[in-house]
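# Tertiary structure, described
One letter stands for each residue in the lines below.
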Amino acid sequence: MSRLTLTTRASAHAQGLTDRPAWKALEAHCATTHDLHLRQMFAEDTLRGERLHAEAAGLYLDYSKQRVTDETLRLLRELADACGLNERIAAMFRGDRINTTEQRAALHVALRAPMDEHILIDDKNVVSDVHAVLDRMAAFCERVRSGAWTGHSGKRIRNVINIGIGGSDLGPVMADEAMRHYSRRDMTFRFVSNVDSTDFVEAVHDLKPDETLFVICSKTFTTQETLTNAQSARAWCLHTLGDERAVAKHFVAVSTNAAEVIKFGIDADNMFGFWDWVGGRYSMDSVIGLSTMLAIGPENFRAMLAGFHAMDEHFRTASPEQNLPVLMGLLAIWNANFLGAATVAVLPYDQYLKRFPAYLQQLAMESNGKHVSLNGMRVDYETGPIYWGEPGTNGQHSFYQLIHQGTHLIPCDFIGFCETLNPLGGQHDLLMANLFAQSEALAFGKTAAEVKAEGMPTALVSHRTFEGNRPSNTLLAERLTPHTLGALVALYEHSVFVQGVIWDIDSFDQWGVELGKALATRIAGEIADSGDPELRHDGSTNTLIRRYRRLRHHA
Ligand code: G6Q
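Our subject in this report is the structure included herewith. (Residues numbered from 1 in each chain as written. Predicted model: local features only at pLDDT ≥ 70, side-chain atom pairs only at ≥ 80, totals over all residues. Heavy atoms only, no water.)

So, on to the overall build of the protein. A count of helical and extended segments in the protein gives 21 helices and 13 strands. In terms of C-alpha radius of gyration, the protein reaches 25 Å, essentially the compact-globule figure of 24 Å for 555 residues. Here the C-alpha coordinates of the protein stretch approximately 75 × 60 × 60 Å along the principal axes. Buried residues in the protein amount to 54% of all 555 residues. Long-range pairs, those at least 24 residues apart, make up 74% of the contacts in the protein with a sequence separation of at least 6. (Helix = DSSP H or I, 4+ residues; strand = E, 2+ residues; numbered from the N terminus. Rg over C-alpha atoms; globule rule 2.2 N^0.38 Å. Buried < 20%, exposed > 50% of the residue type's maximum accessible area, 1.4 Å probe, protein only. Contact = heavy atoms within 4.5 Å.)

Bringing the sheet that holds strand β10 (residues 343-348) into the picture now. Across a sheet, strands are paired by hydrogen bonds formed along the backbone, either parallel or antiparallel in direction. With respect to topology, 6 strands assemble into an open sheet ordered β1-β2-β13-β12-β10-β11, the strand pairing being mixed. The sheet terminates laterally at β1 (53-56) and β11 (386-388), the two strands that pair on one side only. In this sheet, adjacent strand axes meet at a mean angle of 15° when their direction is disregarded. Alignment of β1 against strand β2 (residues 59-62), held across 4 bridges, turns out to be antiparallel. (Pairing = 2+ DSSP bridges. Axes fitted to C-alpha atoms, helices over the stretch in contact; angles between N-to-C directions.)

With that settled, consider the site of the ligand. The immediate surroundings of the ligand are formed by 13 residues, with S168, S218, T220, T223 and Q362 found nearest. With respect to the ligand, the backbone of K219 contributes an N or O atom lying 2.7 Å from an oxygen atom. For the ligand, the accessible surface in isolation is 400 Å², of which the surrounding protein chains cover 86%. Here the ligand occupies the largest pocket. Partitioned by chemical class, the residues of the shell around the ligand number 1 nonpolar, 9 polar and 3 charged. (Near = heavy atom within 4 Å. Polar contact = N/O pair within 3.5 Å; in protein donor to acceptor, adjacent residues only side chain to side chain. Areas by Shrake-Rupley, 256 points an atom, 1.4 Å probe, with all protein chains shown as cover. 1 Å grid on protein atoms, 1.4 Å probe; cavity = no way out; pocket = protein on both sides within 12 Å on 5 of 7 lines; lining within 4 Å. Sits in = over half its atoms within 2 Å of the grid points. Nonpolar A, V, L, I, M, F, W, Y, C, P; charged D, E, K, R; others polar.)

Glancing now at the pairing of strand β12 (residues 412-417). Along any regular strand the residues' side chains alternate between the sheet's two faces. Of all 6 residues making up β12, 6 are buried, and the element is well covered by its neighbours. Side chains of β12 alternate between two faces, with C412, F414 and G416 and D413, I415 and F417 buried alike. Of the pairings in the sheet, the one linking β12 to strand β13 (residues 472-477) comprises 6 bridges and is parallel in character. Each residue of the ladder has a partner; that of F417, found in β13, is A477.

Volume-wise, the largest pocket comes out at about 960 Å³. Every residue lining the largest pocket is counted, 37 residues in all, and those nearest its centre are T220, T223, Q510, V513 and K517. At the level of secondary structure, the elements contributing two or more residues to the lining of the largest pocket comprise α9 (224-241), α14 (356-368) and α20 (514-528). The leading source of residues in the lining of the largest pocket is α20, at 5 residues. Classifying every residue of the lining of the largest pocket by side-chain character gives 12 nonpolar, 16 polar and 9 charged. Taken together, 15 residues line the second largest pocket, and the ones lying closest to its centre are Q351, T420, Q427, H428 and L431. Grouping the constituent residues of the lining of the second largest pocket by class yields 5 nonpolar, 9 polar and 1 charged. (Points joined across faces, edges and corners; volume = space filled by probe spheres on them.)

This next bit is on the packing of aromatic side chains. Under the criterion given, the structure shown has 21 aromatic pairs. Plain terms: the ring middles of W23 and F338 are 4.7 Å apart, the flat faces sit at 45° to each other, and that makes the pair tilted. Highlighted residues: W23 in helix α1 (residues 21-33) and F338 in helix α13 (residues 324-338), separated in sequence by 315 residues. What makes W23 buried here is its relative accessible area of 2%. An aromatic cluster is defined as three or more aromatic residues linked by ring pairs; in this entry it consists of F200, F214, F221, W236, F251 and F264. Sitting above the plane of the F42 ring, R48 keeps its charged end 5.4 Å from the centroid. Sitting above the plane of the W149 ring, K249 keeps its charged end 5.2 Å from the centroid. (Phe/Tyr/Trp six-rings, centres within 6.5 Å; stacked < 30°, edge-to-face > 60°. Lys NZ or Arg CZ within 6 Å of the ring centre and 35° of its normal.)

Turning our attention to the sheet that holds strand β6 (residues 188-192). Spatial strand order, β6-β5-β7-β8-β9: 5 strands in an open sheet with parallel pairing. Unpaired on one side and paired on the other, β6 and β9 (271-273) mark the two borders of the sheet. With direction set aside, neighbouring strand axes in the sheet form an average angle of 20°. Pairing geometry for strand β5 (residues 159-163) and strand β7 (residues 212-217), over 5 bridges, is parallel. Counted as the bridge partner of N159 is T212 from β7. The strands touched by helix α8 (residues 197-204) are β5, β6 and β7; relative to β6, the strand with the most contacts, the crossing angle is about 170°. Together, β5, β6, β7 and β8 (251-255) form the strand contacts of α9, whose direction differs from that of β7 by roughly 160°.

Before going further, it helps to spend a moment on the packing of α1 against α13. Between α1 and α13, whose axes approach to 11 Å, the crossing angle comes to 70°. The angle between α1 and α13 falls in the class roughly perpendicular. For the pair formed by α1 and α13, the contact residues are W23, L26, E27, H29, C30 and T33 on the first element and W334, N337 and F338 on the second. Across the contact of α1 with α13, the residue classes break down as 5 nonpolar, 3 polar and 1 charged. (Parallel < 35°, antiparallel > 145°, perpendicular 65-115°, else oblique.)

Structure, rendered in structure tokens:
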């Protein structure tokens, strides 16, 4: 077994997770209930569909189609108690350095705390800092949106390009799609993340530099992809505008690293700061959301923050029985560790949420894709499942077959809204009918007897049978508003945290991205070397690099 040497506190889990009586009780319970079918559970409890729900911050969670009994839920809560969940939640809200491997707080809840709250880090109230930055953002966005902020040649800004990657991209991209209904339609918003030059070239191909504002989003301002794209943006701008002073009018930076921002040539006045206690994938509601605020305006942005905060307060104060993030987190543990589900499908029945699964992939998989516990020991249980998904109904004509009749158990999160933002005939009712139909079909299936009774030829009966008993959550909200989006994102943030607490891992670091980054830097040097550098990789990597060097064409 490997052990990391940390100068941090020892794990709260003195006892290994799988040795805990609460875990063992769940294993025993799983063995006795494994074959229980949702058909039977609903038949024996006619109120199940009404009973197994929770509601907060405008979101209604129906978890009655999860394969759980009241006893399962009780045992999961017992496990949460044994893992000190309440204390860990309190520690997060207090600003303790719960990101132990980086010795940082994970205080994204402070980003949406109302002005009169006090959250201290090193005796400093960070909430007033948050509001000072929000006010600066709002003033800047008002100037750009009103046309008071002009480009170098005096034209108003019509295009905003966010350059960032990972946590400095996925949240803003998701919000750009999700909030389009509330966005300025006379402005263009685009996002460049990939170091693949195609990303930048396609983003600007029909835009004019004198009407374009670049928002360079990078917490560290050292990220290779972002700085390379920012340099390309600078060159693209100056090629047309021909004057270094144009940078001040066409570039703003969002970062914690003032020194690097200034080194890049962006004026400190055009920099919006944030703090090391904001993790990249937990930052879309910080100044990293500057492009979002430019699109939807300060008032809508504040409404989104209020949605986040409403869910934060619910998470902090509601009983475990009624607590949406706790319930969703514990159900995820049940599905992953006891029913053996390796993935989760996220299925939003709303076109505006088409990037939500991609956003969740980073949130969940970068947070909980860990193989050692807080004290550095290799875990002997599965941790974070694989998140994936597509908006309904498109997925139904693609991968749902495997969810219905494949051999893998794939728990689903269905997300829908009672009202559409774009009413068109009966289309919304049809969309929602599909959502309800899918979760019903997954849970209850169709028995061989039912198929036979329809007169199906015997040879086809097994092919046409749906086993059912495939678990799902359904999240329903009234309509997709900035407030709802904030609540939805906070729900998943906290649910991911709950899972991390049970697994006893650090959900706020991401060391797994480091090795590839270091190797890429080394290989970039070897590729750029005009001589014939000695390659000291494995045989496969050496051969691929040599072949690439031989066949590439320089621009
Ligand atoms: C997120 C990660 C990572 C990060 C990117 C961009 O939690 O830390 O995705 O957001 O690597 O980093 P910078 O913002 O520093 O450029």
